Amino acid sequence: MSRFSFDLKATDGRARTGVISTPRGDIRTPAFMPVGTAATVKAMLPGSVRETGADILLGNTYHLMLRPTAERIDALGGLHKFMNWDRPILTDSGGFQVMSLADLRKLTENGVTFKSHIDGSKHELTPERSMEIQRLLGSDIVMCFDECPALPADRDRLAQSMELSMRWAKRSREAFGDRPGHALFGIQQGGLEQDLRGQSAEALREIGFEGYAVGGLAVGEGQEAMFGCLDYAPEQLPADKPRYLMGVGKPDDIVGAVARGIDMMDCVLPSRSGRTGQVFTRRGVLNIKNARHMDDPRPLDENCDCPACRGYSRAYLHHVFRSQEIISAMLLTWHNLRYYQDLMVGMRTAIAAGTFAAWQAAFHAGRAEGDIDPL
């Protein structure tokens, strides 16, 4: 089995483009990972997700451990076979969902005990158990188990949380063991405190990982604060390994993150927005439920070649959304995922050509124009 590796192809300023190689295929970076929380990207077939341009999906340890359970997925051949996706999968550690979704949490040095949000059953998640679950799932990229406090938080709380996460990172590394072809990513914490981020990065470097994530952002701090942190946080991590910004985000968040040295991102936004009628285009965001689209025969985006834009008018998409037809979620999700992947193609091409600054200016100018005028 071939090993996990990262080849940095080109840089333009701090923006980077490269290729992550895995036994299940290459991941072109910058990469956006659609979120398949419960072993499915909602409203999409796996083959359709691949057609949008996605090289990798994200699965959720917390949700899958509760239902249908990691043990059941393992017995059925692993997550790739279970969900019919033969390309790379990254699984998160479950820590963020435990902190945000579970009831009656109890945090100790060992881990977290909690009650399921589904049926109230009691569970314990530790670094060792998180590694075991992700091994049973068979994911290609495994995330360390960490604690992610909501922002804003005071410095003492952030320091304690970061130090606990670093102890858990070491335990995660030990429990992960030797798994050729699979990768373990460490997660930098420290809130918006530069020195705490630096201490976290130093601890992670000492342990050693195949990739590194910037964690603890996109949790309520706002874009300005997030970008302020990204002005230094990625540079604190090894330059020869992938850098993953967890849970981001809106198109301008993604472009700003790539400009600051980020290689990988994930977010539920394109799929969730598709189900609620929010559509991303090169000219900004439109809401398909608005009456202005009712008699409009034009596509969502004349420069997009997704099925929604090739075969259907705004008027039709407005109608099926208003009628709560399932095809609405399918077509709008497909379009949004394609928009996000086209965004990544544009950035990869521009970085390789040394024209990223011009591309970025054109991106913002296009979004500032706003949607096409109504008929």
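Check the entry above for the structure.
Owing to the predicted nature of the structure, the values given are computational and were not obtained by experimental measurement. (Residues numbered from 1 in each chain as written. Predicted model: local features only at pLDDT ≥ 70, side-chain atom pairs only at ≥ 80, totals over all residues. Heavy atoms only, no water.)

What follows concerns unusual backbone geometry. Cis geometry is found at the peptide bond from Thr29 to Pro30, where omega equals 0°. Secondary-structure assignment places Pro30 in the loop between strand 3 (25-29) and strand 4 (31-34). Following Val248, the chain continues into Gly249 via a peptide bond in cis, with omega recorded as -5°. Note that Gly249 resides in the loop between strand 13 (243-245) and helix 10 (251-259). With a phi angle near 95°, Thr69 is a residue other than glycine that sits in the positive phi range. With respect to the helices and strands, the residue Thr69 is situated in the loop between helix 2 (61-66) and helix 3 (70-75). Owing to a relative accessible area of 23%, Thr69 belongs among the partly exposed residues under this scheme. With a phi close to 60°, Gln324 is a non-glycine residue in the positive phi region. Summarising the element assignment, Gln324 is placed in the loop between helix 13 (314-322) and helix 14 (326-353). Under the relative-accessibility criterion, Gln324 is labelled exposed at 71%. (Helix = DSSP H or I, 4+ residues; strand = E, 2+ residues; numbered from the N terminus. Buried < 20%, exposed > 50% of the residue type's maximum accessible area, 1.4 Å probe, protein only.)

Next up on the list: the sheet that holds strand 2 (residues 15-22). Sheet architecture is open: 3 strands sit in the order 1-2-3, paired in antiparallel fashion. Among the strands making up the open sheet, the edge pair consists of strand 1 (5-12) and strand 3. Direction aside, neighbouring strands of the sheet carry axes that sit 15° apart on average. Two strands pair when backbone bridges link them, and strand 2 and strand 3 are joined in this way by 5 bridges, in the antiparallel orientation. From the neighbouring strand, Ile20 faces strand 3, where its bridge partner is Ile27. (Pairing = 2+ DSSP bridges. Axes fitted to C-alpha atoms, helices over the stretch in contact; angles between N-to-C directions.)

In terms of nonpolar packing, the biggest core is built from 49 residues, with Val214, Leu230, Leu245, Ile254, Met265 and Met347 touching the most fellow members. Those elements giving two or more residues to this core turn out to be helix 7 (155-176), helix 8 (194-207), strand 12 (211-214), helix 9 (223-230), helix 10, strand 14 (264-267), helix 14 and helix 15 (356-369). The biggest single contributor to this core is helix 14, with 7 residues. For Val214, the residues in contact, after removing those within four places along its chain, are Gln188, Arg197, Leu230, Ala233, Leu237, Tyr244, Leu245, Met246 and Ile262. If you look at the next biggest cluster of nonpolar residues, it comprises 41 residues, including Leu164, Cys304, Leu332 and Trp334. (Core = buried A, V, L, I, M, F, W, Y, C linked by side-chain atoms within 4.5 Å. Contact = heavy atoms within 4.5 Å.)

A separate point is the sheet that holds strand 4. Sheet architecture is open: 8 strands sit in the order 4-14-13-12-11-10-6-5, paired in parallel fashion. Only two strands of the sheet have a single neighbouring strand rather than two, namely strand 4 and strand 5 (57-59). Geometrically, the sheet is characterised by an average inter-axis angle of 25° between neighbouring strands, direction not taken into account. Two strands pair when backbone bridges link them, and strand 12 and strand 13 are joined in this way by 3 bridges, in the parallel orientation. Note on strand 13: the bridge partner recorded for Val214 is Leu245.

With that settled, the discussion passes to the pattern of salt bridges. If you walk through the whole model with that rule in mind, you get 25 salt bridges. With a shortest N-O distance of 2.9 Å, Arg28 and Asp55 are connected by a salt bridge. Here the residue Arg28 occupies a position in strand 3, and Asp55 occupies one in the loop between helix 1 (46-51) and strand 5, the gap between them amounting to 27 residues. Among the residues examined, Arg28 registers a relative accessible area of 36% and is labelled partly exposed. A salt bridge links Arg171 to Glu128; the nearest nitrogen and oxygen atoms lie 2.8 Å apart. One end of the pair, Arg171, is in helix 7; the other, Glu128, is in helix 6 (residues 127-137), with 43 residues separating them in the sequence. (Salt bridge = Lys/Arg side-chain N within 4 Å of Asp/Glu carboxyl O.)

With that out of the way, let us pick up the environment of Val248. Topologically, Val248 is positioned in the loop between strand 13 and helix 10. The class of Val248 is buried, set by a relative accessible area of 1%. Among residues more than four places away in sequence, those in contact with Val248 are Phe32, Ala218, Met226, Asp253, Ile254, Met265, Asp266 and Cys267.

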